[in-house]
Amino acid sequence: MKTRQLQSFFWTLLLVTAGAAADSSQWPAQSSPFHADAAEEARLDRILSGMSLRDKVGQVIMGEIQYVSPRDVRHYRLGAVLNGGGSFPGKDRHASAADWLALADAYHEASIDRNDGRPAIPVVWGTDAVHGANNVFGATLFPHNIGLGATANPELLALIGAATAREVAATGIYWNFAPTLAVPRNDRWGRTYEGYSEHPDLVAELGAALIEGMQGAVGRDFMAPGRVLATAKHFLGDGGTTGGVDQGNTEVGEEELVRVHAAGYRAALASGAQTVMVSFSSWNGQKMHANPYLLKEVLKGRMGFDGFLVGDWDGHSQVPGCKASSCPEAFNAGVDMFMAPQHWKGLHRNLLRQVRMGEITGARLDDAVRRILRVKLRAGLLDAPRPSSRPLAPERDGDAASRSDWIGRPRHRALARRAVRESLVLLKNEGSVLPIAPQSTVLVAGAAAANIPSQLGGWSMTWQGDDIENADFPGATSILDGVRAALEGAGGTVEYRQFSEVRTGSAASLPDVALLVYGERPYAEYEGDVETLEFSPRDKSHLEAARRLQAAGIRVVSVLLTGRPLAVPDEIEASGAFVVAWLPGSEGAGVADVLIAGAEGAARYDFSGRLPFSWPQIPDQAVNNVGDESYRPAFPLGFGLRYEAPVPVDPAAPTE
């Protein structure tokens, strides 16, 4: 037996053995919210019957725009393209909406350009717009999901979904790889900030709301002008890996997988999610990209999912015996569309051979293609004109002059600023340090206060959110910008310094209040995995500055920018007030809206955010979830102070 066949044999044996121990009856049965449509299915039959084998193989492959030209789309009949984080038309990070739209038009025209009598099937372009249209110059960037989880406001999430969709659609893209529905259970994980909460109920409620806002509601305004397809990701258990290791192994029983990690998917499918992205991670040692039990029997069977499954970035290459250009095991396990950014040509060649040799059956290929076509048909993409000719808004909302006017639209920025206000969590306010009187002299300290990338986090213009500067985000406001605007217009004064420059000289020169802003450096995915939850172990300049100011009798307010709960007991002790601002996005002025009082001295906005994750006491308390037997947080899930009164804490019902 050949090496490849031997590997495949033992891998198949492992799958069969794992599946034998599983029990799909544990999964609540559900059905698609889209009613069966005989006319639609008959149309799909006609399209399929007219496609060549080469056409079908092309439909199940997605390449990245740096490696796929419109000519390639025409020649190989690719079903989809994507842009990765930090990938832009012409490799220009300042590409305009018109540049994006022109490339989208070119791909579309190439995909339907044929004269051989076979069906012309439009390509679909997907993007990671995970907190706004974060690849697009000048776009509105909303708080990352962890901050949105702190709002616990599904109505707000629906509005954010709609605004994000509008800015994405303005670039000619109609498929978004969001939202992440992970339930992070170990805060060392580098993608913790992509999760709404440690509590599955909150994840389910907010994820469903964002999806409906992005796509529209099934039976009402699904994929109406300005809406885009959402993606429920990453199926399944990516937030539960042992040690919080990204792309690692989730070692839990099936009951916990159903109860905790699948909760968001049940709600997402009920809300009409048409695409699901498969996780890099494993479940009890079995890679999700090659798990037919969960992908086919559970998701497509028990859960009634009739859309299509897309792989993650070369995720199929991690399956034993596979490589980026060849993995029939993943396709046979239920992955309908390969995300093969760079090696798509080799994959296309090998898929053709594998179907012809019988490694992949014609029936399985037809099933995958039918699912992809069904989603394109439901979304109106099969009959849509080129992207630049599609309406972007209904008449009642069509006051923007052009597509570029929707990027960073003032209405969207106002919504993002509101989201910042609602996401802030107040952990301490000793002696009512907050709100700050607008006539105060305020020392603002810390590079993060003036650095917009610090408040954006990863997936912001670039994949890791690095190698960027304030000028890359026109229209955005830093926290310092917001504080200055709030104080200087009301008679107050602001002095800005780095932590190393903080001095406590004569009493006459001391500020009334010191506002310290610090936090994690931007990161994404596995680059953000950490060993402990100690904040900034190699640089304590922020803490030293806080202690110097405190010793001088100056009231200290600390604002923490973070993508996860962190052990900061010393920082909290050295502060009169302590605020968790998460990763607020492009509208940093929303922080000042809550911290700085109005002209009469009363708060302009109260705190309303509540912890979506339990807060650790010590750096080693990475597994710290409500309901755990050893649950002893510094602050429990749902905690959050207000100016008026404490926010009620009910971990059993965090969304109320």
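What counts and what doesn't
Residues numbered from 1 in each chain as written. Predicted model: local features only at pLDDT ≥ 70, side-chain atom pairs only at ≥ 80, totals over all residues. Heavy atoms only, no water. Helix = DSSP H or I, 4+ residues; strand = E, 2+ residues; numbered from the N terminus. Rg over C-alpha atoms; globule rule 2.2 N^0.38 Å. Contact = heavy atoms within 4.5 Å. Pairing = 2+ DSSP bridges. Core = buried A, V, L, I, M, F, W, Y, C linked by side-chain atoms within 4.5 Å. Buried < 20%, exposed > 50% of the residue type's maximum accessible area, 1.4 Å probe, protein only. Phe/Tyr/Trp six-rings, centres within 6.5 Å; stacked < 30°, edge-to-face > 60°. Lys NZ or Arg CZ within 6 Å of the ring centre and 35° of its normal. 1 Å grid on protein atoms, 1.4 Å probe; cavity = no way out; pocket = protein on both sides within 12 Å on 5 of 7 lines; lining within 4 Å. Points joined across faces, edges and corners; volume = space filled by probe spheres on them. Nonpolar A, V, L, I, M, F, W, Y, C, P; charged D, E, K, R; others polar. Disulfide = S-S within 2.5 Å. Salt bridge = Lys/Arg side-chain N within 4 Å of Asp/Glu carboxyl O.

Asks: Just to check I follow, could you spell out the overall build of the protein chain for this structure?
Replies: Counting secondary structure elements, the protein chain contains 20 helices and 17 strands. Against the compact-globule benchmark of 26 Å for 656 residues, the protein chain has a radius of gyration of 25 Å, which places it among compact chains. Overall size of the protein chain, expressed as C-alpha extent along the three principal axes, is 85 × 55 × 40 Å. For the protein chain, restricting intrachain contacts to residue pairs at least 6 apart in sequence, the fraction spanning at least 24 positions comes to 77%.

Asks: Help me understand the sheet that holds strand E9 (residues 286–287), please; the structure alone is not making it clear to me.
Replies: Backbone hydrogen bonds are what pair the strands of a sheet, in a parallel or an antiparallel way. Pairing in this open sheet of three strands is mixed, and the strands run E6-E8-E9 from one edge to the other. Here the strands that pair on one side only, and so sit at the sheet edges, are strand E6 (249–250) and E9. Alignment of strand E8 (residues 282–283) against E9, held across two bridges, turns out to be antiparallel. Directly across from Ser-282, in E9, lies its bridge partner Lys-287.

Asks: What's the story with the nonpolar core in this structure? I'm lost.
Replies: What tends to happen in soluble globular proteins is that the nonpolar side chains get buried as a cluster. One finds Trp-27 and Trp-175 to be the most contacted residues of the largest nonpolar core, which totals 132 residues. Other than its neighbours up to four places away in sequence, Trp-27 contacts Leu-236, Glu-254, Leu-257, Val-258, Ala-262, Tyr-293, Leu-294, Val-298, Arg-302 and Met-303. Counting 72 residues, the second-largest nonpolar core is a separate cluster that includes Val-517, Ala-524, Val-579 and Phe-635.

Asks: How should the packing of aromatic side chains be read in this particular structure?
Replies: Two aromatic rings, taken as a pair, are described by how far apart their centres are and by the angle between their planes. Inspection of the entire model under this criterion finds 15 aromatic pairs. Between Tyr-193 and Tyr-523, the ring centres sit 5.5 Å apart and the planes meet at 65 degrees, which makes this aromatic pair edge-to-face. Of the two residues, Tyr-193 sits in the loop between strand E4 (175–176) and helix H8 (200–215) while Tyr-523 sits in the loop between strand E15 (513–519) and helix H18 (541–551), which places them 330 residues apart along the sequence. Classification of Tyr-193 as buried rests on a relative accessible area of 1%. We classify Tyr-523 as buried; its relative accessible area is 9%. Here the aromatic rings of Trp-463 and Tyr-526 are separated by 5.7 Å at their centres, their planes lie at 70 degrees, and the arrangement is edge-to-face. In this pair, Trp-463 is assigned in the loop between helix H16 (452–456) and helix H17 (479–488) and Tyr-526 in the loop between E15 and H18, connecting sequence segments 63 residues apart. Here Trp-463 falls in the partly exposed class, since its relative accessible area comes to 27%. On the basis of relative accessibility, which here comes to 40%, the residue Tyr-526 falls in the partly exposed class. Taken together, the ring pairs in this structure connect Trp-100, Tyr-107 and Trp-125 into an aromatic cluster. Seen from the ring of Tyr-174, Arg-390 lies directly overhead, with NZ or CZ sitting 4.7 Å from the centre.

Asks: What should I look at first to understand empty space enclosed by the protein in this one?
Replies: Over the atoms, a rolled probe matching the size of one water molecule traces out where space is still vacant. Tallied over the full model, the rule gives eleven cavities of 30 Å³ or more. The computed volume of the largest cavity comes to approximately 110 Å³. Along the walls of the largest cavity sit 13 residues, with Val-123, Val-124, Trp-125, Gly-172 and Arg-390 positioned nearest its centre. Those elements that provide at least two residues to the lining of the largest cavity are helix H5 (97–111) and strand E3 (124–127). Residue contributions to the lining of the largest cavity peak at three residues, all from H5. Of the residues belonging to the lining of the largest cavity, the class tally is ten nonpolar, two polar and one charged.

Asks: Mind showing me how you'd approach the side chain of Asn-134 here?
Replies: Tracing the sequence through the fold places Asn-134 in the loop between E3 and helix H6 (145–151). For Asn-134, a relative accessible area of 2% gives the class buried. Those residues in contact with Asn-134 that sit more than four places away from it in its chain are Asp-128, Ala-129, Leu-141, Trp-459, Ser-460 and Met-461.

Asks: Any chance you could explain the state of the cysteines here in plain terms?
Replies: A disulfide bridge is the covalent bond that connects two cysteines by way of their sulfur atoms. Counted according to the given criterion, the structure contains one disulfide. Residue pairing for Cys-322: its cysteine sulfur links by disulfide to Cys-327, the two sulfurs lying 2.2 Å apart. In this structure, the disulfide formed by Cys-322 and Cys-327 twists by about 65 degrees around the S-S bond and is classed as right-handed. By the burial criterion, Cys-322 is buried, and Cys-327 matches it.

Asks: Explain the pairing of strand E13 (residues 441–445) here, please?
Replies: The two faces of the sheet receive side chains in turn, since in a regular strand these alternate between them. With respect to burial, E13 is a largely interior element, four of its five residues being buried. Sheet analysis places E13 next to strand E14 (residues 493–497), joined by five bridges and oriented parallel. Directly across from Ala-445, in E14, lies its bridge partner Arg-497. Bridge count between E13 and E15: four bridges; the pairing is parallel. Each residue of the ladder has a partner; that of Ala-445, found in E15, is Leu-516.

Asks: Would you explain the pattern of salt bridges in this entry?
Replies: If you walk through the whole model with that rule in mind, you get 34 salt bridges. For Asp-367, the salt bridge identified is with Arg-371, shortest N-O distance 3.3 Å. Of the two residues, Asp-367 and Arg-371 are both situated in helix H14 (residues 362–378); the distance of four residues between them amounts to about one turn of the helix. Arg-413 serves as the salt-bridge partner of Glu-587, at 2.7 Å between the closest nitrogen and oxygen. Of this pair, Glu-587 sits in the loop between strand E17 (577–582) and helix H20 (589–595) while Arg-413 is found in helix H15 (residues 410–423), placing the two residues 174 residues apart along the sequence. The exposure class assigned to Glu-587 is buried, which follows from its relative accessible area of 5%. One continuous salt-bridge network, built from bridges that share partners, spans Lys-300, Asp-336, Arg-364, Asp-367 and Arg-371.

Asks: Could you clarify how one ought to interpret the sheet that holds E4 in this entry?
Replies: Reading across the sheet, the five strands line up as E4-E3-E2-E1-E11 and stay open at both edges, with parallel pairing between neighbours. Every interior strand has two partners, whereas the edge strands, E4 and strand E11 (338–339), have only one. Where strand E2 (residues 80–83) meets E3, four bridges bridge the pair, whose relative direction is parallel. Directly across from Val-81, in E3, lies its bridge partner Trp-125.

Asks: Help me understand the layout of surface pockets in this model?
Replies: Approximately 940 Å³ is the volume attributed to the largest pocket. Lining the largest pocket are 30 residues, with Gly-519, Glu-520, Arg-521, Phe-535 and Ser-536 positioned closest to its centre. Mapped by element, the contributors of at least two residues to the lining of the largest pocket are E15 and H18. Top contributing element to the lining of the largest pocket by residue count: E15, with three residues. Looking at the lining of the largest pocket residue by residue, the classes come out as twelve nonpolar, nine polar and nine charged.

Asks: What should I look at first to understand the environment of Val-60 in this one?
Replies: In this fold, Val-60 is placed in the loop between helix H3 (53–59) and strand E1 (61–64). Residues Val-60 and Met-339, spaced 279 residues apart in sequence, show a C-alpha to C-alpha distance of 8.9 Å. Apart from the residues lying within four places of it in its own chain, the contact partners of Val-60 are Phe-331, Asp-336, Met-337, Phe-338, Leu-351, Leu-365, Ala-368, Val-369 and Ile-372.

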